[in-house]
Amino acid sequence: MKKFKPRPGFVVQAYRFALDPNAGQQRALRSHCGAARAAFNWAVSWVTATWWQRQAEQTYGVPPAELTPWRPWSLPALRKAFNEVKHTDPRFASWWQDNSKEAYNTGLANAAAAFDNYATSKNGKRKGPRIGMPRRKSKRKARLACRFTTGTVRIEPDGKHVTLPRLGTIRTHEPTGKLLARLQAGTARVLSATVRHERGH
């Protein structure tokens, strides 16, 4: 997917709304965010496994041309590899269908970006503090978040609900009227939606 670039005169603006999900929707939201974390951890382990394997082979005197090939970390490569294993890998096989594909794509995209940042930092091409190798996210400490870029992402006409892929229509704490008015006037469109758990909401 190409990165969105606004045309001259266009403005990219974020709107934040606190959701008021029911018990079932809360479970679904946590499942989606957990799926994003699981996909991120899978990607980190899948890529770095070849790094450690190559290091071990080098200590055994394996010639460079015969070392285990590097695994790519681009988003298309990670998505292809994940789609091949999710049906049989015991970490995903029994439940991956419970969530939108966007949940897993969130984790894979974050992993691809983390590896890119690590590589550019290591090569001295990135400004700021040195960035370390991507690490797996702890279930206890990881922030619950999931991003939707495809599927049904809609502000409902009543100004009190939003609709997200697989999650359905969820009530919001505050009115969405300002954004709704712009959407109805044709002066705005929704590019993506991110759900994030913060301070109990």
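A brief structural summary. Fair warning: this is a prediction, and the values are worked out from it, not measured in the lab. (Residues numbered from 1 in each chain as written. Predicted model: local features only at pLDDT ≥ 70, side-chain atom pairs only at ≥ 80, totals over all residues. Heavy atoms only, no water.)

1. Some details on the side chain of Thr172
In step 1: Assignment of secondary structure puts Thr172 in the loop between strand 4 (168-171) and helix 4 (177-185).
In step 2: Thr172 gets classed as buried once you look at its relative accessible area, which sits at 4%.
In step 3: A polar contact is formed between the side chain of Thr172 and the backbone oxygen of Glu174, at a distance of 2.8 Å.
In step 4: Not counting chain neighbours up to four residues away, the residues in contact with Thr172 comprise Phe17, Ala18, Leu19, Asp20, Lys160, His161 and Val162. (Helix = DSSP H or I, 4+ residues; strand = E, 2+ residues; numbered from the N terminus. Buried < 20%, exposed > 50% of the residue type's maximum accessible area, 1.4 Å probe, protein only. Polar contact = N/O pair within 3.5 Å; in protein donor to acceptor, adjacent residues only side chain to side chain. Contact = heavy atoms within 4.5 Å.)

2. As for the pattern of salt bridges
In step 1: Applying the stated criterion across every chain yields a total of four salt bridges.
In step 2: The residue Arg143 makes a salt bridge to Glu198 at a minimum N-O spacing of 3.8 Å. On the criterion of sequence distance, the pair formed by Arg143 in the loop between helix 3 (101-122) and strand 1 (145-148) and Glu198 in the segment after strand 5 (193-196) is long-range, its members being 55 residues apart.
In step 3: A salt bridge links Arg154 to Glu156; the shortest N-O distance between them is 2.8 Å.
In step 4: Residue Glu156 is classed as buried on the basis of its relative accessible area, which comes to 14%. (Salt bridge = Lys/Arg side-chain N within 4 Å of Asp/Glu carboxyl O.)

3. Some remarks on the packing of helix 2 (residues 75-85) against helix 3
In step 1: Taken N-terminus to C-terminus, the directions of helix 2 and helix 3 make an angle of 135 degrees; their axes are 9 Å apart at the nearest point. One finds that helix 2 runs oblique with respect to helix 3. Viewed along their axes, helix 2 and helix 3 form a crossing whose handedness is right-handed. For the pair helix 2 and helix 3, the contacting residues are Leu75, Leu78, Arg79 and Phe82 in the first and Tyr104, Asn105, Leu108, Ala109, Ala111 and Ala112 in the second.
In step 2: Partitioned by chemical class, the residues of the contact of helix 2 with helix 3 number eight nonpolar, one polar and one charged. (Axes fitted to C-alpha atoms, helices over the stretch in contact; angles between N-to-C directions. Parallel < 35°, antiparallel > 145°, perpendicular 65-115°, else oblique. Left-handed = near helix turned anticlockwise from the far one by under 90°. Nonpolar A, V, L, I, M, F, W, Y, C, P; charged D, E, K, R; others polar.)

4. Some remarks on the sheet that holds strand 2 (residues 154-155)
In step 1: An order of 2-3-4 is seen for the three strands of this open sheet, with the pairing classed as antiparallel. In this open sheet, the two strands that pair with only one neighbour each are strand 2 and strand 4.
In step 2: Where strand 2 and strand 3 (residues 161-164) come together, two bridges link them in antiparallel fashion. In the strand pairing of strand 3, Ile155 is matched with Val162. (Pairing = 2+ DSSP bridges.)

5. Considerations on helix 3
In step 1: Its 22 residues give helix 3 an end-to-end C-alpha distance of 32 Å, which sits within 8% of 32 Å, the value for a rise of 1.5 Å per residue.
In step 2: Trailing helix 3 by a residue or two, Gly124 shows a phi angle of about 75 degrees, which is positive. (Expected span 1.5 Å × (residues − 1).)

6. A closer look at the nonpolar core
In step 1: Trp42, Leu78, Phe92, Tyr104, Leu108, Leu164 and Val195 are the most contacted members of the largest nonpolar core, which totals 36 residues.
In step 2: Broken down by element, the residue count for this core peaks at twelve residues, all from helix 1 (residues 23-59).
In step 3: Residues within four places of Trp42 in sequence aside, it is in contact with Leu78, Ala81, Phe82, Val85, Asp89, Arg91, Phe92, Leu108 and Arg136. (Core = buried A, V, L, I, M, F, W, Y, C linked by side-chain atoms within 4.5 Å.)

7. Section: unusual backbone geometry
Note: most peptide bonds trans; most residues except glycine with negative phi.
In step 1: With a phi close to 65 degrees, Arg166 is a non-glycine residue in the positive phi region.
In step 2: Mapped onto the fold, Arg166 is located in the loop between strand 3 and strand 4.

8. Points about the packing of aromatic side chains
In step 1: Evaluated as defined, the whole model comprises twelve aromatic pairs.
In step 2: For the ring pair Trp42 and Trp46, a centre distance of 5.6 Å and an interplane angle of 20 degrees mean the geometry is stacked. Of this pair, Trp42 and Trp46 both sit in helix 1, four residues apart, which is roughly one turn of the helix.
In step 3: Seen from their ring centres, Trp51 and Trp70 are 6.5 Å apart, and the 80 degrees between their planes marks the pair as edge-to-face. Linking Trp51 in helix 1 with Trp70 in the loop between helix 1 and helix 2, this pair joins segments that are 19 residues apart in sequence.
In step 4: Cluster of aromatic residues (ring-pair linked, three or more members): Trp42, Trp46, Phe82, Phe92, Trp95 and Tyr104.
In step 5: Against the face of Phe40 rests Lys137, its NZ or CZ located 4.4 Å from the ring centre. (Phe/Tyr/Trp six-rings, centres within 6.5 Å; stacked < 30°, edge-to-face > 60°. Lys NZ or Arg CZ within 6 Å of the ring centre and 35° of its normal.)

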